Amino acid sequence: MEERRRYISEEFNKRYGRLPSIWARAPGRVDLMGSHTDYNMGFVMTMTIDRDTWIAARPREDNQVAIYSCNVPGGALFSLEDIQRDEAVPWTNYVRGVAAEMQASGYKLRGFDGLVHSTIPFGSGLSSSAAIEMATALLFKTLSGLELDPVDMALIGQKAENEFVGVSTGILDQYSSVMGRNGCAILLDCRHLTSEVVRINPSLHVVICNTRAKRNLVGTEYDERRAQCEEGVRLLQRFYPEITALRDVTPAMFEGQRRALPALIARRCQFIIEENQRVLDLAQALPEGRPEPLHALFAASYSGALDLYEIGAPAMSAMMQAMSTAPGAVAARQAGAGFGGSMVALVKGGFLEPFTEHVTKIYQQETKIQPEVDAVQAVPGAMILDWV
Ligand code: GLA
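Given the structure is predicted, the values throughout are model-derived calculations rather than measurements.

Engineer: What's the story with the side chain of Arg 225 in this structure? I'm lost.
Structural biologist: In this fold, Arg 225 is placed in helix α6 (residues 218–236). Residue Arg 225 is classed as buried on the basis of its relative accessible area, which comes to 3%. If we ignore the near neighbours within four places in the chain, the residues touching Arg 225 are Tyr 39, Arg 268, Tyr 309, Glu 310, Ile 311 and Phe 339.

Structure (structure tokens):
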């Protein structure tokens, strides 16, 4: 931590000719259950991971924000009075978007010079974008002296993503990044924006297996899934006028009317309805740690994601094969939006090394891609590390 800080301070000094006075950090996340349930107002079992994004900053007095990164080239200097999208350096849109949405909500912001440093792999489904958004929101909140609770910040981040960046994601990523708990998973209720802490049995490791395969079409396919779920709700409302989201549909209600839905819409709805139930079941199974129920829940989630929701990818199938046959593997499934990216496994204590070795070897044989296999710990949600 000290070394990272020293490095960022030096880089900051090189760029801005002075030292940072405030440090914000926000972590990435991994979902243990609940794919695409968030925009259906359902449940997700999520946890923060010990990979995070820091922004070192120093306030400015001229209503401008300068933002650069230690990880990627380019950056931006923009005025808080006229915030435009930047097509040339798209990552800066997360910072611009948060500023624009905070101002649209009536908050008066103070600008800053900022330098980002992240240990979250980009574009791999571990919420690197939510982390930069939440670190940005926290910086603005602190430097501008605003009253804003973590859920307000998550909603602003989601709005930035939906309206400024233009991806119609749910609340999962931002909520996890600000509300995640040390050492525990959280059971998130996406309708009420509340969560409960869920203990992970200490005999288990959570291991992220990043396929590192390029994710194609994730935006378009994502929006399509969302539209199909909305269509399902519209059709089911003819029979159940009280429902407003798939969250309100029980398996029995669905079975009663599934024939009234086009086959594709029915498959999408079935996945979400069953996945919601699996999240609730996992809240029981995770603290108990018994391998059979954990295995069954993860396996059903994976096969539903593949066959019903169709968010698989060849690299994910290869990774699933590698994870499921590895020593110590208890349970394995997709993570994030799917279509490649990272997957997640629960691994028995003491088996990390042979698990990692096996997954790396088998996946690489099959795909010729070197995966990233990493045990992760849940860490506290976004915070100011230091402010002088
Ligand atoms: C992405 C989105 C989230 C969520 C997941 C799928 O991570 O940003 O809102 O929909 O996909 O569960």
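That was the structure; now back to the text.
Engineer: Whenever I open this one, the environment of Ala 56 confuses me. Can you help?
Structural biologist: Tracing the sequence through the fold places Ala 56 in strand β2 (residues 43–59). The exposure class assigned to Ala 56 is buried, which follows from its relative accessible area of 0%. Sequence spacing of Ala 56 and Ile 67 is eleven residues, and the spatial spacing of their C-alpha atoms is 9.9 Å. In this structure Ala 56 touches Ile 8, Phe 12, Pro 20, Ile 22, Trp 23, Asp 113, Gly 114 and Leu 115, once residues within four positions along its chain are discounted.

Engineer: Teacher, can you tell me more about helix α4 (residues 150–165) here?
Structural biologist: The end-to-end C-alpha distance of α4 is 21 Å, a good match for the 22 Å that 16 residues give at a rise of 1.5 Å each. Turning to α4, its buried residues are Val 151, Met 153, Ala 154, Ile 156, Gly 157, Gln 158, Ala 160, Glu 161, Phe 164 and Val 165. Taken together, the buried residues of α4 touch α2 (92–104), α3 (128–144) and α5 (172–179). The residue sitting at the N-terminus of α4 and contributing the capping side-chain oxygen is Asp 149; that oxygen lies 3.1 Å from the backbone nitrogen of Val 151.

Engineer: Teacher, can you tell me more about the site of the ligand here?
Structural biologist: For the ligand, the full set of nearby residues is Arg 29, Gly 34, Ser 35, His 36, Asp 38, Tyr 39, Thr 169, Gly 170, Asp 173, Tyr 222, Gly 336 and Ala 337. One of the side-chain N or O atoms of Arg 29 is found 2.9 Å from an oxygen atom in the ligand. Residue Asp 38 places a side-chain N or O atom 2.5 Å away from an oxygen atom belonging to the ligand. When we break the shell around the ligand down by domain, the ones giving at least three residues each are domain 1 (2–198 + 379–385) and domain 2 (200–376).

Engineer: Help me understand the nonpolar core in this model?
Structural biologist: Across soluble globular proteins, nonpolar side chains have a tendency to be buried as a group. One finds Val 30, Leu 32, Met 45, Leu 282 and Leu 286 to be the most contacted residues of the largest nonpolar core, which totals 80 residues. Here this core gets nine residues from one element, more than from any other, and that element is α3. Formed jointly, this core draws a minimum of three residues from each of two domains, domain 1 (2–198 + 379–385) and domain 2 (200–376). Apart from residues lying up to four places away in sequence, Leu 286 is in contact with Leu 32, Met 45, Ala 185, Val 198, Arg 199, Ile 200, Asn 201, Leu 204, Leu 294 and Leu 346. Counting residues in hydrophobic clusters, the runner-up holds 25 residues, among them Cys 229, Tyr 240, Met 253 and Ile 273.

Engineer: Could you clarify how one ought to interpret the environment of Gly 219 in this entry?
Structural biologist: In this structure, Gly 219 sits in helix α6. Classification of Gly 219 by relative accessible area gives partly exposed; the value is 34%. Sequence separation between Gly 219 and Ser 168 is 51 residues, and the spatial gap between their C-alpha atoms is 8.4 Å.

Engineer: What is the right way to look at the pairing of β2 in this model?
Structural biologist: The side chains of a regular strand alternate between both faces of the sheet. Across the 17 residues that make up β2, a large majority, 15, are buried. For strand β1 (residues 22–33) and β2, the ladder comprises ten bridges, and the chain directions are antiparallel. Residue Trp 23 lies in a different strand from β2, and its bridge partner there is Ala 56. Pairing geometry for β2 and strand β6 (residues 184–189), over four bridges, is antiparallel. Across the sheet, Met 45 pairs through a bridge with Leu 187, a residue of β6. Bridging between β2 and strand β5 (residues 112–118) involves seven bridges; their strand directions are antiparallel. Within β5, the residue paired with Ala 56 across the bridge is Leu 115.

Definitions and limits used
- All residue numbers here refer to positions counted from 1 along the written sequence of the relevant chain.
- Selection of residues for local features in this predicted model requires a pLDDT of at least 70, selection of side-chain atom pairs for listing and counting requires 80 or more, and totals for whole chains, interfaces and linings are taken over all residues.
- Note that water and hydrogens are dropped before the side-chain values are worked out from all heavy atoms of the structure.
- The helix count covers DSSP runs of H or I at least four residues long, the strand count covers runs of E at least two residues long, and both are numbered beginning at the N terminus.
- Relative accessibility under 20% of the residue-type maximum defines a buried residue, over 50% an exposed one, and the middle range a partly exposed one, all with a 1.4 Å probe and only protein chains included.
- Any two residues having at least one pair of non-hydrogen atoms within 4.5 Å are treated as being in contact.
- By this rule the span expected of a helix is its residue count minus one, scaled by 1.5 Å.
- As used in this structure description, the phrase polar contact means that two N or O atoms lie within 3.5 Å; if the pair is within protein, one of them must be able to donate a hydrogen and the other to accept it, and residues adjacent in sequence are counted only when both atoms belong to side chains.
- The near set for a molecule or strand comprises every residue that places at least one heavy atom within 4 Å of it.
- An automatic or database domain assignment is the source of the domain bounds shown.
- Residues enter a nonpolar core if they are buried and are Ala, Val, Leu, Ile, Met, Phe, Trp, Tyr or Cys, with the set joined through side-chain atoms within 4.5 Å.
- By this definition, two strands are paired if DSSP reports at least two bridges between them.

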